[in-house]
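# A structural walkthrough
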Amino acid sequence: MKKDNKKVIYWLLLGCLLIFIMVVVGGITRLTHSGLSISNYKLISGTIPPMNEVEWNDAFELYKQYPEYQKINNQFTLEDFKDIYFWEWLHRVIGRFIGVVFIIPFLYFLIRKQLTKPTIKKSIILMLLGGFQGFLGWFMVKSGLIDRPDVSHYRLAMHLTAAFITFAYTFWVALDLIYPTKKIIDIKFRNLIRWGLVVLVIQIIYGAFVAGLDAGLLHNHWPLMNDGALIHESVYIEQSPVIKNFVEGKSGVQFIHRYLAYIVVGLILLIWYRGKRIEKNNLQTKSLHLLLIIVGIQFFLGVFTLIYRVPIVLGVLHQITAFFLLGAMTFSLHRFSK
């Protein structure tokens with residue numbers, strides 16, 4: 001049987017889809033403040049949720065021992081707890097399912113000798129990324145179980161960024177098999193797309209900072225951060241030294257996220273404009289148009305998400321579109337790589 005066949009491609013694309021679903025559910029988990037509802041980690045038995053009233057009460061009593069209940073949700077009833085438990089449980093189950101979907105088909109393809117050596121190496125990297133992502137998930141949750149009723153925004157950013165990178169790499173490996181040959185193009189243009197990808201990843205990191213600090217719940221004006229003010233004075237007085245305000249202060253983090261958005265849009269406009277001036281095929285042309293369309297949608301979603309103080313629907317849509325934008329950037333870079 002032919003190596004790196006269609007079944008292998010479908011397997012990789014299924015992985016991309018599952019990672020996408022995982023990120024969506026993770027976004028809902030974050031926006032509904034459900035991420036600390038399961039305070040222990042059981043790889044196998046944790047797949048099954050509480051099945052009767054006794055088990056639910058045991059889970060609720062465990063939740064009561066941690067800061068989120070004691071400092072924020074001490075008015076919760078068992079029914080309230082069940083609501084937040086569901087999203088965190090679903091998020092973890094999807095993570096386990098992704099592991100099964102990656103490992104079992106990989107072993108099957110390996111035994112049947114349907115993978116080339118380069119694809120085997122890339123697949124091993126994918127599984128390592130997946131395992132690391134799982135570790136980061138628990139590492140993130142652990143930060144909210146000690147003395148603070150929320151997770152570290154640094155660990156949240158690590159967890160989210162790892163998911164995006166795992167998706168992008170999985171998609172890249174699939175593209176390598178779908179398009180085994182690549183057209184040699186202008187190296188400077190290829191590098192411009194690379195820089196666009198780097199800035200986009202930094203923007204995704206700052207998006208996680210905004211989410212982790214709930215920084216979207218203030219400065220709900222646009223285009224200026226406050227009525228008539230470019231930036232709120234608290235950027236400079238929240239913490240010292242000043243630089244910490246741009247990684248730990250709510251105002252400073254939102255400021256960076258806002259203005260990085262303009263840079264991302266500007267870079268993609270530049271990529272699209274310069275792309276018009278070089279020789280390219282139909283697929284490459286479509287990839288640039290797709291980039292332009294998605295970044296426009298993402299920009300306006302970001303504005304409305306901010307103005308309306310991060311409603312769950314807009315918050316999730318904003319994260320979903322970021323995912324699509326990363327996919328479009330990955331696809332464009334792949335199509336313009338030699």
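Everything in this summary refers to the structure shown in the same document. (Residues numbered from 1 in each chain as written. Predicted model: local features only at pLDDT ≥ 70, side-chain atom pairs only at ≥ 80, totals over all residues. Heavy atoms only, no water.)

Below, the discussion takes up the overall build of the protein. Looking only at helices and strands, the protein has 11 helices and zero strands in total. Sequence-ordered secondary structure for the protein, helices as α and strands as β, is α-α-α-α-α-α-α-α-α-α-α. Taken over the C-alpha trace, the protein has a radius of gyration of 22 Å; the compact-globule value for 338 residues is 20 Å, and the two agree within 12%. In terms of overall dimensions, the protein has C-alpha extents of about 65 × 60 × 35 Å along its principal axes. Here the analysis covers contacts within the protein between residues at least 6 apart in sequence; of these, 78% occur between residues at least 24 apart. Accessible area of the protein: about 17,200 Å², with a carbon and sulfur share of 69%. For the protein, the separation between the mean place of its 35 positive charges and that of its 20 negative charges on side chains is 19 Å. (Helix = DSSP H or I, 4+ residues; strand = E, 2+ residues; numbered from the N terminus. Rg over C-alpha atoms; globule rule 2.2 N^0.38 Å. Contact = heavy atoms within 4.5 Å. Areas by Shrake-Rupley, 256 points an atom, 1.4 Å probe, with all protein chains shown as cover. Lys, Arg positive; Asp, Glu negative; His and termini not counted. Charge placed at Lys NZ, Arg CZ, Asp CG, Glu CD.)

A cis amide bond links tryptophan 222 to the next residue, proline 223, at an omega of 10°. Assignment of secondary structure puts proline 223 in the loop between α7 (187-213) and α8 (234-237). A positive phi angle is found at histidine 33, which is not glycine, with a value near 55°. Relative to the helices and strands, histidine 33 is located in the loop between α1 (6-31) and α2 (53-63). The class of histidine 33 is partly exposed, set by a relative accessible area of 45%. (Buried < 20%, exposed > 50% of the residue type's maximum accessible area, 1.4 Å probe, protein only.)

Moving on, we get to the environment of proline 50. Summarising the element assignment, proline 50 is placed in the loop between α1 and α2. Note: C-alpha distance between proline 50 and lysine 82 (32 residues apart in sequence) is 9.7 Å.

Our focus in this paragraph is the nonpolar core. Core analysis: the biggest nonpolar cluster contains 67 residues, and Leu12, Phe164, Phe189, Ile271 and Leu325 have the highest contact counts within it. Those elements that provide at least two residues to this core are α1, α4 (78-111), α6 (153-178), α7, α9 (250-275), α10 (282-307) and α11 (312-335). Per element, the largest residue contribution to this core is 13 residues, and it comes from α1. The contact partners of phenylalanine 164, leaving out residues within four places of it in the chain, are Val23, Ile204, Gln319, Ala322, Phe323 and Leu326. (Core = buried A, V, L, I, M, F, W, Y, C linked by side-chain atoms within 4.5 Å.)

The geometry of α7 relative to α9 is characterised by a closest axis approach of 9 Å and an angle of 155° between their N-to-C directions. When the axes of α7 and α9 are compared, the pair comes out roughly antiparallel. In this structure, α7 crosses over α9, and the sense of that crossing is left-handed. Grouping the amino acids of the contact of α7 with α9 by side-chain chemistry returns 20 nonpolar, six polar and two charged. (Axes fitted to C-alpha atoms, helices over the stretch in contact; angles between N-to-C directions. Parallel < 35°, antiparallel > 145°, perpendicular 65-115°, else oblique. Left-handed = near helix turned anticlockwise from the far one by under 90°. Nonpolar A, V, L, I, M, F, W, Y, C, P; charged D, E, K, R; others polar.)

What follows concerns the pattern of salt bridges. Throughout the structure, instances matching the rule amount to seven salt bridges. Measuring nitrogen to oxygen at the nearest pair gives 2.7 Å for the salt bridge that ties arginine 92 to glutamate 88. Of the two residues, arginine 92 and glutamate 88 both sit in helix α4, four residues apart, roughly one turn of that helix. A relative accessible area of 13% places arginine 92 in the buried class. By relative accessible area, glutamate 88 is classed as buried at 5%. Its salt-bridge partner being glutamate 248, residue lysine 244 comes within 3.7 Å of it at the nearest N-O pair. Through salt bridges that share partners, Arg30, Asp150 and Asp214 make up one connected network. (Salt bridge = Lys/Arg side-chain N within 4 Å of Asp/Glu carboxyl O.)

The next thing to look at is the environment of phenylalanine 167. In this fold, phenylalanine 167 is placed in helix α6. Taking the C-alpha atoms as reference, phenylalanine 167 lies 6.2 Å from isoleucine 19; in sequence the two are 148 residues apart.

With 34 residues, α4 should cover 50 Å at 1.5 Å per step; its first-to-last C-alpha distance of 48 Å lies within 8% of that length. Positive phi shows up at lysine 113, right after α4, with a value of about 55°. (Expected span 1.5 Å × (residues − 1).)

The next point concerns the packing of aromatic side chains. Under the defined criterion, the tally for this structure stands at 31 aromatic pairs. Note on phenylalanine 132 and phenylalanine 135: the rings are 6.2 Å apart at their centroids and 25° apart in plane angle, and the pair reads as stacked. Of this pair, phenylalanine 132 and phenylalanine 135 are both found in helix α5 (residues 117-142), three residues apart, which corresponds to roughly one turn of the helix. By relative accessible area, phenylalanine 132 is classed as partly exposed at 43%. Classification of phenylalanine 135 as partly exposed rests on a relative accessible area of 48%. An angle of 70° between the planes, with centres 5.0 Å apart, marks the rings of phenylalanine 189 and phenylalanine 336 as edge-to-face. On the criterion of sequence distance, the pair formed by phenylalanine 189 in helix α7 and phenylalanine 336 in the segment after α11 is long-range, its members being 147 residues apart. Put simply, the rings of Trp222, Phe246, Phe255, Tyr259, Tyr262, Phe299 and Phe300 touch in pairs and so form one group of aromatic residues. In this structure, lysine 64 is placed above the aromatic ring of phenylalanine 60, and the distance from its NZ or CZ to the ring centre is 4.6 Å. (Phe/Tyr/Trp six-rings, centres within 6.5 Å; stacked < 30°, edge-to-face > 60°. Lys NZ or Arg CZ within 6 Å of the ring centre and 35° of its normal.)

None of the figures reported here should be taken as evidence of function without further support.
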